[in-house]
Amino acid sequence: MGRFSVWDYVVFAAMLLVSAAIGIYYAFAGGGQKTSKDFLMGGRSMSALPVALSLTASFMSAVTVLGTPAEIYRYGAIFCIFAITYALVVLCSAEIFLPVFYRLGITSTYEYLELRFNKYLRLCGTVLFIIQTASKPQITGFDLWGAVVATGVVCTFYCTLGGLKAVVWTDVFQVGIMVAGFSSVIIRAVVVQEGIGRIVNDSYHGGRLNFWDFNPNPLQRHTFWTIVIGGTFTWTGIYGVNQSQVQRYIACKSRFHAKMSLYINLVGLWAILVCATLCGLSLYSIYKDCDPWSAKQVSALDQLMPYLVLDIFKDFPGMPGLFVASAYSGTLSTVSSSINALAAVTVEDLIRPYFRSLSEKKLSWISMGMSLFYGGVCIAMAALASLLGALLQAALSIFGMVGGPLLGLFALGILCSFANGIGAFVGLVTGFVVSLWVGIGSQIYPPLPERTLPLPLSTAGCNISISSNLTTSTANPLTTIFSTQAPERPVLADRWYSLSYLYFSTLGTLITIVVGMIISLLTGGLKQNTDRKFLLTKEDFLSNFSRSKSDTVSVVIYASYNLK
């Protein structure tokens, strides 16, 4: 097994230096960041292509680079059905949520909640988003502490200096690095296996080409229906209403560019999915007779890709460094979007409404300070993740449940003219409680193998005499604690708690909408007059991809309205 050489570190350092240089450039280009809008929204002057690549880069985190190939290696290529999911997600985001958000000219998506309902729901949404995002340890995947700290510092540096423009253009550079890393692995694997045909043939005989499974059982982890239905709700909660993504496409200079950024991004999502799938199938073809995970050469499935890279590139100095740079580029893009979004919601939702005397210049400096603060939080969470391990991961899965209820809250406001503040609040709380219930239950009582359907692995061809130095994995502490108290699985464990993780968001969304509608009807929702600018209208469909100047004019009008 190969190890990192000097050239690997040079390649990795070069990626960090270029990212930092982009931040410095946009800190001073055009006179610097004069207002908070310049810093947080890029002056609303972004074009479709760089924003599309930025959206793609944010999607392609280190989890995608490391986890998706391992997922396909273990469970098969049914993951490819997400190609349909991504198309539906982009369609919903571009045609339902984008028209309303762009028309209002808002900076934070949670401003919508105050305009549509009341300031308390805006505060609830803001707090939930901050908890959900700031608590997520983004810089993980490798036990290279120097690289982790360097990544966090560089990311905080260019986010603080350059604002959204630096984040977007750094993402453009980083997505190129990520594609190069994936491509190098695929090309080298094809050479090692003497052709793509052998990889496909090995995958077919190993049961990895399991593209279609129409089992309607919602308890099964991945089927066509869980991926298409559950995945659409899960990812729409990210692309449709999550500040990290929405902030980018509403920073475009027109609604046409905003929509185009989403549709161009779809092509990028498909390309990444194809690359990750080919890497996963290559993993299986190379290790079909000697699984490194079963042979204890790695302690976790997401260590398989680094293991493969060090194996097939042991005679190619610099190439392992390129792959690590691609994984950390995914980390940089994800962290930078989180830092910028957290700064935006903090300034726009927690500071501006209560300190109206602050000038734009002061708000710009506060925005930079918030970026610096949240960058430090991300680095601290990376340290915490390495110390607490699986306990923190269990907590993060629970925090991830807030996405569904928040999606339901925004959908309720945009699609239901009779929805009122009381109904929206009760629906949000109900959806949140139910999502937490099933989320906590699934952590305490993980689904049985017959629900997850892992595919067989073999060590028949192994001839291993060395021990691995990689970090050992940790069992889920919640499972360990509660298993001593309840050795037998309750009835709910094999029913309710075994629900596919992709349906968690679906459940939270639908409960929030249904409860919100019922309570709104019972509390006089039909008697209220809701301004049509807060709703999705037929004009939004009739004016699709309009290049007219009306988009820009409407942004100015509603931005002025918000400042009053």
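Please read all numbers here as calculations on a predicted model, not as lab measurements.

K.L.:
So what's going on with the overall build of the protein? Residues and values would help.
P.N.:
If you tally the helices and strands in the protein, you get 23 helices and zero strands. Every one of the 564 residues in the protein was classed for burial, and the buried ones make up 55%. By sequence separation, contacts in the protein at least 24 residues apart represent 88% of the contacts at least 6 residues apart. Only carbon and sulfur atoms are counted for the fraction: they give 68% of the accessible area of the protein, which is about 23100 Å².

K.L.:
Please set out the nonpolar core residue by residue, giving values where relevant.
P.N.:
Formed by 96 residues in total, the largest nonpolar core has its most connected members in Phe101, Tyr112, Val185 and Tyr249. Ranked by the residues each element gives to this core, the list is headed by helix α12 (residues 255–287), at 13 residues. With 17 residues, the next largest nonpolar core counts Met15, Tyr158, Tyr328 and Leu332 among its residues.

K.L.:
So what's going on with helix α10 (residues 224–239)? Which residues, and what values?
P.N.:
Between its terminal C-alpha atoms α10 stretches 21 Å, which fits the 22 Å expected from 16 residues at 1.5 Å a residue. By the burial criterion, the buried members of α10 are Phe224, Thr226, Ile227, Val228, Gly230, Gly231, Thr232, Trp235, Thr236, Gly237 and Tyr239.

K.L.:
Outline the pattern of salt bridges, supporting the account with residue identities and numerical values.
P.N.:
Under the defined criterion, the tally for this structure stands at eight salt bridges. Among the ionic pairs, lysine 288 bridges to aspartate 289, the shortest N-O distance being 3.9 Å. Using a relative accessible area of 23% as the deciding quantity, one classes lysine 288 as partly exposed. Judged by its relative accessible area of 40%, aspartate 289 is partly exposed. A salt bridge links arginine 352 to glutamate 348, with the shortest nitrogen-to-oxygen separation between them at 3.0 Å.

K.L.:
Describe the state of the cysteines, and please don't skip the residues or the numbers.
P.N.:
By definition, a disulfide links two cysteine residues through a covalent bond between their sulfur atoms. What the rule picks out here adds up to one disulfide. Disulfide pairing is shown between cysteine 290 and cysteine 462; the S-S distance is 2.0 Å. Residues cysteine 290 and cysteine 462 are joined through a disulfide that is right-handed, its torsion about the S-S bond being 110°. You can see cysteine 290 sitting in the loop between α12 and α13 (304–312) and its partner cysteine 462 sitting in the loop between α19 (449–452) and α20 (477–485), a full 172 residues away along the chain. The partly exposed category is assigned to cysteine 462, whose relative accessible area is 25%. Here cysteine 279 stays unpaired: no disulfide links it, and the sulfur of cysteine 275, its closest cysteine neighbor, is 6.8 Å away. Judged by relative accessible area, which is 0%, cysteine 279 ranks as buried.

K.L.:
Can you tell me about the side chain of threonine 277, naming the residues and giving the values?
P.N.:
Residue position: threonine 277 is located in helix α12. Contact partners of threonine 277, with chain neighbours within four places excluded, come to Ile72, Ala77 and Cys80.

K.L.:
So what's going on with the packing of aromatic side chains? Which residues, and what values?
P.N.:
For the coordinates displayed, the defined rule picks out 18 aromatic pairs. Against the face of tyrosine 75 rests arginine 221, its NZ or CZ located 4.3 Å from the ring centre.

K.L.:
With reference to specific residues and values, describe α13.
P.N.:
Most of α13 sits inside the fold, with seven of its nine residues counted as buried. Three or more residues of α13 are buried, namely Leu304, Met305, Pro306, Tyr307, Leu308, Val309 and Ile312.

K.L.:
Explain the environment of phenylalanine 214 residue by residue, including any values.
P.N.:
Position of phenylalanine 214 among the secondary structure elements: in the loop between α9 (196–205) and α10. Residues phenylalanine 214 and threonine 226, spaced twelve residues apart in sequence, show a C-alpha to C-alpha distance of 9.3 Å. Sequence-distant contacts of phenylalanine 214, that is, excluding residues within four places in its chain, are made with Phe224 and Trp225.

K.L.:
Run through the environment of tyrosine 73, naming residues and quoting values.
P.N.:
Residue position: tyrosine 73 is located in helix α4 (residues 62–75). Between the alpha carbons of tyrosine 73 and leucine 304 there is a distance of 9.3 Å; along the sequence they are 231 residues apart. Leave out the neighbours within four places in its chain, and tyrosine 73 touches Arg208, Gly280, Leu283, Tyr284, Tyr287, Asp291, Pro292, Leu304 and Leu457.

K.L.:
Tell me what's going on with the side chain of threonine 156, and back it up with residues and numbers.
P.N.:
Checked against the element boundaries, threonine 156 lands in helix α8 (residues 145–192). Judged by relative accessible area, which is 7%, threonine 156 ranks as buried. Not counting residues up to four positions away in its chain, the partners in contact with threonine 156 are Ile339, Ser371, Leu372, Gly375 and Gly376.

K.L.:
Which residues make up unusual backbone geometry, and what values do they have?
P.N.:
With a phi angle near 60°, glutamate 194 is a residue other than glycine that sits in the positive phi range. The exposure class of glutamate 194 is exposed, given its relative accessible area of 71%. Even without being glycine, lysine 296 reaches a positive phi, approximately 65°. Looking at where lysine 296 falls in the secondary structure, it is placed in the loop between α12 and α13.

K.L.:
Any chance you could break down the packing of helix α3 (residues 48–59) against α12 for me, citing the residues and the numbers?
P.N.:
The contact between α3 and α12 brings their axes to 8 Å, and the two run at 45°. Overall, the two elements α3 and α12 adopt an arrangement that is oblique. The element α3 and its partner α12 pack so that their crossing is right-handed. Between α3, through Ala48, Leu49, Val51, Ala52, Leu55, Thr56 and Phe59, and α12, the contact on the second element is made entirely by His257, Met260, Ser261, Leu262, Ile264, Asn265, Gly268, Leu269 and Ile272. Along the lines of polarity and charge, the residues of the contact of α3 with α12 split into eleven nonpolar, five polar and no charged.

K.L.:
Residues and numbers for a nonpolar patch on the surface, please.
P.N.:
A cluster of nonpolar side chains, contributed by Ile84, Leu88, Phe211, Trp212, Phe214, Trp225 and Ile229, occupies part of the molecular surface with about 660 Å² of accessible area. Listing elements by their share of the nonpolar patch, those giving two or more residues are α5 (82–104) and α10. Looking at where phenylalanine 211 falls in the secondary structure, it is placed in the loop between α9 and α10. The exposure class assigned to phenylalanine 211 is partly exposed, which follows from its relative accessible area of 32%.

Definitions and cut-offs
Residues numbered from 1 in each chain as written. Predicted model: local features only at pLDDT ≥ 70, side-chain atom pairs only at ≥ 80, totals over all residues. Heavy atoms only, no water. Helix = DSSP H or I, 4+ residues; strand = E, 2+ residues; numbered from the N terminus. Buried < 20%, exposed > 50% of the residue type's maximum accessible area, 1.4 Å probe, protein only. Contact = heavy atoms within 4.5 Å. Areas by Shrake-Rupley, 256 points an atom, 1.4 Å probe, with all protein chains shown as cover. Core = buried A, V, L, I, M, F, W, Y, C linked by side-chain atoms within 4.5 Å. Expected span 1.5 Å × (residues − 1). Salt bridge = Lys/Arg side-chain N within 4 Å of Asp/Glu carboxyl O. Disulfide = S-S within 2.5 Å. Phe/Tyr/Trp six-rings, centres within 6.5 Å; stacked < 30°, edge-to-face > 60°. Lys NZ or Arg CZ within 6 Å of the ring centre and 35° of its normal. Axes fitted to C-alpha atoms, helices over the stretch in contact; angles between N-to-C directions. Parallel < 35°, antiparallel > 145°, perpendicular 65-115°, else oblique. Left-handed = near helix turned anticlockwise from the far one by under 90°. Nonpolar A, V, L, I, M, F, W, Y, C, P; charged D, E, K, R; others polar. Patch = residues over 30% accessible without salt bridge, like charges linked within 9 Å, V, L, I, M, F, W, Y side chains within 5 Å.

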